[in-house]
Amino acid sequence: MDNKELMMRAIALSEESVRRGGGPFGAVIAKDGEIVAEASNSVTPSRDPTAHAEVNAIRKAAARLGTYDLSGCVIFTSCEPCPMCLGAIYWAHIDRVYYANDRKDAAEAGFDDDFIYKELALPPAERHKPSAILLPNEAKRAFRMWKEKDDKREY
């Protein structure tokens, strides 16, 4: 399949999701032009705030390919990924992202992902959800253990 066909599938998934009671988002992960996984948003039906289309598709692709490293794959999403999904895309090592709608389109539809992007640029103490460091020395033990571990599998 070519890129336009893969994007049309992601868009179709977003429309199917709305009909089934989910959010208007769809995602397709492909490798060498073949669909590896596809998913739509299922936040409300599953009562899972992380069940965005991209995350759902990444989970399916990783399970199908038997790896957390999706290098060589491309993701097609009906909308620009939110910060959570973008983080998941980076952690999965997906090579490229194509999206149809952007975050401004999402905001007009009532999904203000741009707010989170702006929050990330602020110092932690100035965010709407203030953050503070607590017990860093105790927590660093796990990092030291990781660094010293000979048989770790890096990701």
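These notes cover the structure that comes with them. Residue numbers run consecutively from 1 along every chain, following the written order of its sequence. Per-residue local features of the predicted model are confined to residues with pLDDT of at least 70, and side-chain atom pairs are confined, for both listing and counting, to 80 or more; whole-chain, interface and lining totals are unaffected and use all residues. Here the side-chain values reflect all heavy atoms present in the structure, with hydrogen atoms and water set aside.

1. Quick notes on the sheet that holds strand β3 (residues 73-79)
If DSSP finds at least two bridges between two strands, the strands pair. Every helix listed is a DSSP run of H or I at least four residues long, and every strand listed is a run of E at least two residues long, numbered separately from the N terminus. Reading across from one edge, β2-β1-β3-β4 is the order of the 4 strands in this open sheet, with mixed pairing throughout. Two strands lie at the open edges of the sheet, namely β2 (34-40) and β4 (96-101), each paired on one side alone. The mean angle between the axes of side-by-side strands here comes to 15 degrees, regardless of whether they run parallel or antiparallel. Alignment of strand β1 (residues 26-31) against β2, held across 6 bridges, turns out to be antiparallel. Bridging from a neighbouring strand, Ile29 pairs with Ala37 of β2. Whether two residues are in contact is decided by their heavy atoms: any pair within 4.5 Å suffices. Between N-to-C directions, angles cover 0 to 180 degrees, with each direction set by a line fitted to C-alpha atoms, over the stretch in contact for helices. Here helix α1 (residues 3-19) sits on the sheet and contacts β1, β2, β3 and β4; the angle it forms with β1, its principal contact strand, is near 150 degrees. Those strands touched by helix α3 (residues 53-65) are β1, β2 and β3, and its axis lies near 140 degrees from that of β2.

2. Some words on the state of the cysteines
Disulfide assignment relies on a single distance test, namely cysteine sulfur atoms paired within 2.5 Å. Applying the stated criterion across every chain, the model contains 0 disulfides. Left unpaired, Cys82 is separated from the closest cysteine sulfur, that of Cys85, by 3.7 Å. Only protein chains enter the accessibility calculation, which uses a 1.4 Å probe; a residue whose area is less than 20% of its type maximum is buried, one above 50% is exposed, and one in between is partly exposed. Judged by its relative accessible area of 0%, Cys85 falls in the buried class.

3. Quick look at the side chain of Glu80
Examined against the element boundaries, Glu80 turns out to sit in the loop between β3 and α4 (83-91). The residues touching Glu80, leaving out its near neighbours within four places in the chain, are Tyr99, Asn101, Asp102, Arg103, Asp113 and Tyr117.

4. Notes on the nonpolar core
Soluble globular proteins tend to pack their nonpolar side chains together in the buried interior. Among buried residues, those of type Ala, Val, Leu, Ile, Met, Phe, Trp, Tyr and Cys that are joined through side-chain atoms within 4.5 Å constitute a nonpolar core. Residues Ile29, Ile58, Ala61, Leu70, Ile75 and Ile94 are the most contacted members of the largest nonpolar core, which totals 18 residues. If you list the elements that add at least two residues to this core, you get β1, β2, α3 and β3. Sorting elements by how many residues they give to this core places α3 first, with 4 residues. Not counting chain neighbours up to four residues away, the residues in contact with Leu70 comprise Ile29, Ile58, Ala61, Ala62, Leu65, Ala92, His93 and Ile94. In this structure, Leu6, Met7, Ala10 and Val28 belong to the second largest nonpolar core, which totals 8 residues.

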